[in-house]
Protein chains: 2
Amino acid sequence: MSINPNGYKLSDKTARLTAYDLLPTTVSATAETREFLQKVIDVLLDFVKATNDRNEKILEFHHPEEMKTILNLDIPDRAVTLQQLIEDCATTLKYQVKTGHPHFFNQLSCGLDIVSMAGEWLTATANTNMFTYEIAPVFILMENVVLSKMRQIIGWEGGDSILAPGGSISNLYAFLAARHKMFPNYKEHGAAGLPGQLVMFTSDQCHYSVKSCAAVCGLGTDHCVMVPSDEHGKMIISELERLILERKAKGHIPFFVNATAGTTVLGAFDNINQIADICQKYKCWLHIDAAWGGGLLLSRKYRHPRLSGIERADSVTWNPHKLMGALLQCSTIHFKEDGLLISCNQMSAEYLFMTDKQYDISYDTGDKVIQCGRHNDIFKLWLQWRSKGNEGFERQQDRLMQLAEYQVKRIREQSDRFHLILEPELVNVSFWYIPKRLRGVPHDKRKEAELAKICPIIKGRMMQKGSLMVGYQPDDRRPNFFRSIISSAAVTEQDVDFMLDEIHRLGDDL
Amino acid sequence: MSINPNGYKLSDKTARLTAYDLLPTTVSATAETREFLQKVIDVLLDFVKATNDRNEKILEFHHPEEMKTILNLDIPDRAVTLQQLIEDCATTLKYQVKTGHPHFFNQLSCGLDIVSMAGEWLTATANTNMFTYEIAPVFILMENVVLSKMRQIIGWEGGDSILAPGGSISNLYAFLAARHKMFPNYKEHGAAGLPGQLVMFTSDQCHYSVKSCAAVCGLGTDHCVMVPSDEHGKMIISELERLILERKAKGHIPFFVNATAGTTVLGAFDNINQIADICQKYKCWLHIDAAWGGGLLLSRKYRHPRLSGIERADSVTWNPHKLMGALLQCSTIHFKEDGLLISCNQMSAEYLFMTDKQYDISYDTGDKVIQCGRHNDIFKLWLQWRSKGNEGFERQQDRLMQLAEYQVKRIREQSDRFHLILEPELVNVSFWYIPKRLRGVPHDKRKEAELAKICPIIKGRMMQKGSLMVGYQPDDRRPNFFRSIISSAAVTEQDVDFMLDEIHRLGDDL
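Because the structure is a prediction, the values reported are computed rather than measured. Each chain carries its own residue numbering, running from 1 in the direction its sequence is written. Note on labels: chains are lettered from A, ligands numbered from 1, in written order. Local features are withheld for residues below a pLDDT of 70 in this predicted model, meaning they are given only at 70 or higher, and side-chain atom pairs are given and counted only at 80 or more; totals for whole chains, interfaces and linings count all residues. Excluding hydrogens and water, the side-chain values take into account all heavy atoms of the structure.

**Some points on the overall build of chain A**
- Put simply, DSSP marks the helices as runs of H or I at least four residues long and the strands as runs of E at least two long, and each gets a number from the N terminus on. Helix and strand counts for chain A stand at 16 helices and 12 strands.
- The globule rule used for comparison is 2.2 Å times the number of residues to the exponent 0.38, while the radius of gyration itself is calculated over C-alpha atoms. The C-alpha atoms of chain A give 25 Å as radius of gyration, which agrees with the globular expectation for 510 residues (24 Å, within 12%).
- When its C-alpha atoms are laid out on the principal axes, chain A stretches across 75 × 75 × 45 Å.
- Working definition: with a 1.4 Å probe on protein chains only, accessible area under 20% of the residue-type maximum means buried, over 50% means exposed, and in between means partly exposed. Counting the 510 residues in chain A, one finds 70% classified as buried.
- By definition in these notes, contact holds between two residues if any of their heavy atoms fall within 4.5 Å. Pairs at least 24 apart in sequence give 73% of the contacts found in chain A among residues at least 6 apart.
- All accessible-area figures derive from a Shrake-Rupley calculation using a 1.4 Å probe, and residue coverage is judged against the displayed protein chains alone. With an accessible surface of roughly 16000 Å², chain A has 49% of that area assigned to carbon and sulfur atoms.
- Computing the positive centroid from 58 side-chain charges and the negative centroid from 62, chain A places the two 4 Å apart. His is not counted, nor are the chain ends, whereas Lys and Arg count as positive and Asp and Glu as negative. Think of each charge as sitting on NZ of Lys, CZ of Arg, CG of Asp or CD of Glu.

**A look at the relation of the copies chain A and chain B**
- Here the copies are superposed with least squares, the fitted atoms being C-alpha atoms of residues at a pLDDT of at least 70 in both. When chain A is fitted onto chain B, the two copies agree to an RMSD of 0.0 Å after a turn of 180 degrees and an axial shift of 0.0 Å. The superposition of one copy onto the other is thereby described by a two-fold rotation axis. Across chain A, the smallest distance between a C-alpha and the rotation axis is recorded for A:Cys217, namely 2.0 Å.
- Both copies present the same face, since 100% of the interface residues in chain A are matched by interface residues at the equivalent positions in chain B.

**Considering the environment of A:Ile411**
Residues and elements named next belong to chain A.
- In this structure, isoleucine 411 sits in helix 14 (residues 379–413).
- Through-space distance from the C-alpha of isoleucine 411 to that of serine 11 is 54 Å; in sequence the pair is 400 residues apart.
- If sequence neighbours within four positions are ignored, isoleucine 411 has contacts with Phe418, Leu420, Val429, Phe431 and Leu500.

**Some points on helix 4 (residues 82–94) of chain A**
- In this model, helix 4 of chain A (13 residues) spans 18 Å end to end at C-alpha, consistent with the 18 Å of a helix rising 1.5 Å per residue.
- The buried fraction of helix 4 of chain A is high, at 10 of 13 residues.
- Looking at helix 4 of chain A, one finds that the buried residues are A:Leu82, A:Gln83, A:Leu85, A:Ile86, A:Glu87, A:Asp88, A:Cys89, A:Ala90, A:Thr92 and A:Leu93.
- For helix 4 of chain A, the secondary structure elements touched by its buried residues are helix 1 (12–15) and helix 2 (30–51) of chain A together with helix 5 (114–126), helix 6 (137–154) and helix 14 (379–413) of chain B. How far a helix is expected to stretch is found by multiplying one less than its residue total by 1.5 Å.

**A closer look at the sheet that holds strand 10 (residues 428–433) of chain B**
All names here are of chain B.
- The rule for pairing is simple: two strands pair if DSSP sees at least two bridges between them. Pairing is mixed across the open sheet formed by 5 strands, whose spatial order is 1-11-12-10-9. At either end of the open sheet lies a strand with only one pairing partner, and these are strand 1 (104–105) and strand 9 (418–420).
- Sheet topology places strand 9 next to strand 10; 3 bridges connect them, and they run antiparallel. Within the sheet, the bridge partner assigned to phenylalanine 418 lies in strand 10 and is tyrosine 433.
- Running over the sheet, helix 16 (residues 493–507) touches strand 1, strand 9, strand 10, strand 11 (469–473) and strand 12 (481–485) and is turned about 25 degrees from strand 10. Axis lines are fitted through C-alpha atoms, for helices just across the contact stretch, and the angle between N-to-C directions can take any value from 0 to 180 degrees.

**So, the pairing of strand 8 (residues 331–335) of chain A**
All names here are of chain A.
- In terms of residue burial, strand 8 counts as a mostly covered element, since 5 of its 5 residues are buried.
- Burial of strand 8 is two-sided: the residues Ser331, Ile333 and Phe335 facing one way and the residues Thr332 and His334 facing the other way are all buried.
- Here strand 2 (residues 160–164) runs beside strand 8; their pairing, made up of 5 bridges, is antiparallel. Its bridge partner being in strand 8, serine 161 is matched across the sheet by histidine 334.
- In terms of strand pairing, strand 7 (residues 315–318) meets strand 8 through 4 bridges, oriented antiparallel. Paired with serine 315 across the bridge in strand 8 is phenylalanine 335.

**Overview of the domain arrangement of chain A**
Residues and elements named next belong to chain A.
- Under the domain assignment used here, chain A contains domain 1 (12–98), domain 2 (129–184 + 195–375) and domain 3 (385–507).
- Of note, the centres of domain 1 and domain 3, computed from C-alpha atoms alone, are 35 Å apart.
- Every contact between the two is made by 7 residues of domain 1 and, on the other side, 10 residues of domain 3.
- What gets called buried area is simply the loss in accessible area from a 1.4 Å probe that two parts show on being joined, summed for both. Buried surface at the junction of domain 1 and domain 3, both sides included, amounts to about 710 Å², of which 55% is carbon and sulfur.
- Any carboxyl oxygen of Asp or Glu within 4 Å of a side-chain nitrogen of Lys or Arg constitutes a salt bridge here. On the surface where domain 1 and domain 3 come into contact, there are 1 salt bridge.
- The partner of aspartate 495 in a salt bridge is arginine 54, with the nearest N and O atoms 2.7 Å apart.
- Contacts described as polar in this section are N or O atom pairs within 3.5 Å, which, within protein, must combine one atom able to donate a hydrogen with one able to accept it, while residues neighboring in sequence count only if both atoms come from side chains. At the junction of domain 1 and domain 3, the tally comes to 3 residue pairs in polar contact (both at pLDDT 80 or more). Throughout the structure description, domain borders are defined by an automatic or database domain assignment.

**Comments concerning the packing of aromatic side chains**
- Only Phe, Tyr and Trp rings are paired, with Trp represented by its six-membered ring, and only when their centres lie within 6.5 Å; those with planes under 30 degrees apart are stacked, over 60 edge-to-face, the remainder tilted. Taken as a whole and judged by the stated rule, the model has 30 aromatic pairs over all chains.
- Consider the rings of A:Phe61 and B:Tyr133, whose centres lie 6.5 Å apart with planes at 85 degrees: the pair is edge-to-face. In this pair, A:Phe61 is assigned in the loop between helix 2 and helix 3 (64–70) and B:Tyr133 in the loop between helix 5 and helix 6, connecting two distinct chains.
- The exposure class assigned to A:Phe61 is buried, which follows from its relative accessible area of 11%.
- For B:Tyr133, a relative accessible area of 1% puts it in the buried group.
- Relative to B:Tyr359, the ring of B:Tyr133 lies with its centre 5.3 Å away and its plane at 50 degrees, an arrangement referred to as tilted. Of this pair, B:Tyr133 sits in the loop between helix 5 and helix 6 while B:Tyr359 is found in the loop between helix 13 (340–345) and helix 14, placing the two residues 226 residues apart along the sequence. No difference in accessibility class separates B:Tyr133 from B:Tyr359, as the two residues are buried.
- Each member of the aromatic cluster is reached from another via a ring pair, and the members are A:Phe61, B:Tyr133, B:Tyr359 and B:Tyr363.

**Focus: the interface of chain A and chain B**
- Listed as interface residues are 157 residues of chain A and, on the opposing side, 158 residues of chain B.
- Counting each side, the surface lost to burial between chain A and chain B is near 14000 Å², with a carbon and sulfur contribution of 63%.
- For A:Glu134, the salt bridge is made with B:Lys459, and the minimal N-O distance between the two is 2.5 Å.
- The tally of links between chain A and chain B comes to 64 residue pairs in polar contact (both at pLDDT 80 or more).
- Counting residues per element, the side of chain A that touches chain B draws most heavily on helix 2 of chain A, at 14 residues.
- Think of it as three bins: nonpolar holds Ala, Val, Leu, Ile, Met, Phe, Trp, Tyr, Cys and Pro, charged holds Asp, Glu, Lys and Arg, and polar takes everything else, Gly as well. Of the residues contributing to the side of chain A that touches chain B, the split by class is 85 nonpolar, 42 polar and 30 charged.

**Quick notes on the nonpolar core**
- For our purposes a nonpolar core is just a set of buried Ala, Val, Leu, Ile, Met, Phe, Trp, Tyr and Cys residues, chained together by side-chain atoms within 4.5 Å. Formed by 316 residues in total, the largest nonpolar core has its most connected members in A:Phe36, A:Trp121, B:Phe36 and B:Trp121.
- Residues contacting B:Trp121, with those up to four places away along its chain left out, are A:Leu37, A:Ile41, A:Leu44, A:Trp121, A:Ala124, A:Thr125, B:Ile41, B:Leu44 and B:Leu45.
- Counting residues in hydrophobic clusters, the runner-up holds 67 residues, among them A:Ile169, A:Leu172, A:Phe175 and B:Cys217.

**Structural notes on unusual backbone geometry**
- For the peptide bond that leads from A:His304 to A:Pro305, omega is 0 degrees, which places it in the cis range.
- By the secondary structure assignment, A:Pro305 is in the loop between helix 12 (300–303) and strand 7.
- Here the bond from B:Leu328 into B:Gln329 is cis, since omega is -10 degrees, no more than 30 degrees from zero.
- Within the secondary structure, B:Gln329 is located in the loop between strand 7 (315–318) and strand 8 (331–335).
- One non-glycine residue, B:Asn127, adopts positive backbone phi at about 35 degrees.
- Within the element layout of this structure, B:Asn127 appears in the loop between helix 5 and helix 6.
- The phi torsion at B:Lys283 lies on the positive side, around 55 degrees, for a residue other than glycine.
- Tracing the sequence through the fold places B:Lys283 in the loop between helix 11 (272–282) and strand 6 (285–289).

**Overview of the UniProt feature "modified residue: N6-(pyridoxal phosphate)lysine" (unreviewed entry) in chain A**
Residues and elements named next belong to chain A.
- UniProt positions are given in the numbering used here, feature names are shortened, and annotations may be inferred rather than shown by experiment. This chain's UniProt record puts "modified residue: N6-(pyridoxal phosphate)lysine" (unreviewed entry) on Lys322.
- You can see lysine 322 is positioned in the loop between strand 7 and strand 8.
- With relative accessibility at 14%, the residue lysine 322 sits in the buried group.
- Leave out the neighbours within four places in its chain, and lysine 322 touches Leu108, Ser109, Ala291, Trp292 and Ser487.

**What about the pairing of strand 3 (residues 198–203) of chain A?**
Residue and element names in this part refer to chain A.
- For strand 3, the tally of buried residues reaches 6 of 6 residues, placing the bulk of the element in the interior.
- Of the two faces of strand 3, both are covered, the one formed by Leu198, Met200 and Thr202 as well as the one formed by Val199, Phe201 and Ser203.
- As judged from the 5 bridges shared by strand 3 and strand 5 (residues 253–260), these two strands associate in the parallel manner. Considered in strand 5, the bridge of threonine 202 is made with asparagine 258.
- The pairing of strand 3 with strand 4 (residues 224–227) spans 4 bridges and is classified as parallel. In the sheet register, phenylalanine 201 faces strand 4, and the bridge partner there is valine 225.
- With helix 9 (residues 208–217) bridging strand 3 and its parallel neighbour strand 4, the resulting β-α-β unit is right-handed. Handedness of a crossover: with both strands directed away from the viewer, a clockwise path from the first strand across the helix to the second marks it as right-handed.

**Side note on the pattern of salt bridges**
- Enumeration over the complete set of coordinates arrives at 74 salt bridges over all chains.
- A salt bridge links B:Arg312 to B:Asp277; its shortest N-O distance comes to 2.7 Å. One end of the pair, B:Arg312, is in the loop between helix 12 (300–303) and strand 7; the other, B:Asp277, is in helix 11, with 35 residues separating them in the sequence.
- Residue B:Arg312 is classed as partly exposed on the basis of its relative accessible area of 27%.
- Ionic contacts of the salt-bridge type, sharing partners, join the residues A:Glu134, A:Lys357, A:Asp364 and B:Lys459 into one network.

Take a look at the structure:
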């Protein structure tokens, strides 16, 4: 039973009202406000139920132009009724992709953690900004507790951290802090004050936001050197050193190396210890982009060797909204050195960060960040962590890895139908589906080209049918291939089997 | 009746369960999941009720060290029970500041719009990312509708826009697009490829994020020229021209001017038309930071002359989470020229923005932004706008301005107790409270110093008592003074009277 937009009826009296008949405009409207909000919740609870029902479609696909004719997205001149708003909510969810559905293997962030979701509902209701203790006392203290804990897990005592709106901005914070630490006059004088061209290094498998830092911050993408990676997707360390020396020979200043812990496509982990040695040798800042793979820090079983050496980094990006399943968005950036974040980003706005306040202003975080207003991204994570305990969070990471291992095993067992591209280190599984006509044909470049062509067709079919979501993409070494992701706590072995079987059903004839 | 953390009891059976006994881990737990979420909602509905109750305290203040002993913020090894999670939610809200309370006049974003809040609940439940049509079809179309409408209101046909995590990042987008438009090679070559030192201009009353762009992006804050403002807080146009010429004489390249439409402290509007003339003359990009004042674009009565000429700008920041009362956060940045955002920020990640998708990929927005994952900030605004209609949103802006005018009138009528600092153009009202011992004393610098000293004391008292929240700060011309903000739809004339009376009660003896 899919959500029926006409199935949520307010009482006759309330249905005809508008938002002006609710709190706060109508002060006596506590009951009507409650009725309206409760009806919204009824819609949401049905969506949660549908999300967890394997018989439900993941999505009801329509092309954009068609979708526009189905939906009424107009902004009217006059207020619509409360009943219409309820229908709007239900219609929106009817056509929304259920990213928490157990058959959604599409992107890095999936799943719908019930407690984290409840946390985000509360966050919305508290509707506050995170710049000062004054207006967000509890949430500011929660940030302290959770971020300290995360730094301890990384392996640091002390240090400093902040929550940022996504891993890309977290990586940007790392870049800014590194530049500030090494060139403290940069903040005032800019690029003109530097003794030479700054250069940063990252593998060609890194997240594109690393390169984006170079464009945003004044280096230029020419000076973000893409270090080649090996066939496992890991940075080639000898190439890193060669490229650093090449730039030094030109008189450039290598200052920043990004190591990726869990690449976006293949889920590869760069060798942190080896990169740390190079950084030490050439006095570069070491940043670890563990936005994706960071969750494995919680797992004694899988942390090593993947993240060994992470404590040697100067900064670490780690997104709880990925492997840990916190609601979107929840991204953290951590620094080994305390005080850097504020000295780098402080603009000392007098109207917000006065020093004559009546409480200990060391809790005000607003001047550490390049945002002013900052969304409260901590409560959903704090509550979720309480709901699992350290133990449960570890078990969840282990479970995701086990499921990916199960998928690899099943792919191997069906090697006529599936071609595993590489042994994964994370929950990304990269593979081709082999349709009937290509089974038994020797694997070569020409076959790869054929296999690649059918990826978008199968993807189109699964979206039309609404039965499954799995992503595909090309990379530097090969054309289109499927990459499934298991980061949802909803997934079981049966769902993994369903994924493979469904791809087979959809693609056998291609 | 304040929220009682022990007042929300789950059934005996459910109370002892943990998150693992809910969906998705326990697939049969639909009823228990519903019971748990419903209980969270009961807490939230009580908070909404308390927020709208004038007899409730705005906050229960405790100093940080004391608050830590009251709250149990620990992350345990083992999962806490569902009953404990409910108590955690209730306790959190018990000590949270009610930013939607009618006596909260503290910061630019206040109020708790019921419909926008419901929208944010839905957003959390849908838990999706905004980079592609594939995983956020309805929300992507909503962005198109609402952002196009906002550009029309600005006065443009065509153009392009994006939602950003706060006004500071919106301003950063404007800076990046301007630099890219004027120096298209910058993206690859960086600052080294430029013919000279870039310089940007903004008034000394601007939001600090404008200056922060200079630090982040490679100019250095030395090259963000702060143009003096007049006693009304408006940029002095002759000074702008003089400073541009001064920099040109040094061989620098003026390229970007920020005009503020609604300054943070005084609520002043720079004269856009005069600044646009200067920008035209010296070929500078004109950005309007209307994060705060943008809401008045909806008001035929108050739009002119404040925002006259805004259609001449190249880019406009406008935060619906401020005057329009959308939930945090909701910030928009608009560009007159289409195509610029993508050519500036595109990194063409092949794994996300493939060109062989089965639908019209012009709807994928992810490659326009420097974030990768992007929170869904549109639904709450779309739903809210539907709930008010254009007409209602206009009326709401007018109403806020009328209340500020009422406050000014009341301050004037009590001129023995209050000193109005200037005639406001927006809902910021700047004033001093005059305690008994200083009434009748001629107003001079020495008296100002005395009045300034009592601001933090009154502020401390109102927080301890929990009866009122009003901000204070110094500025370039004067020491500490109060600045109240009316941006909440909950506020009435009686609440304005309460604010002034309460300050009097708290400060008469000082």
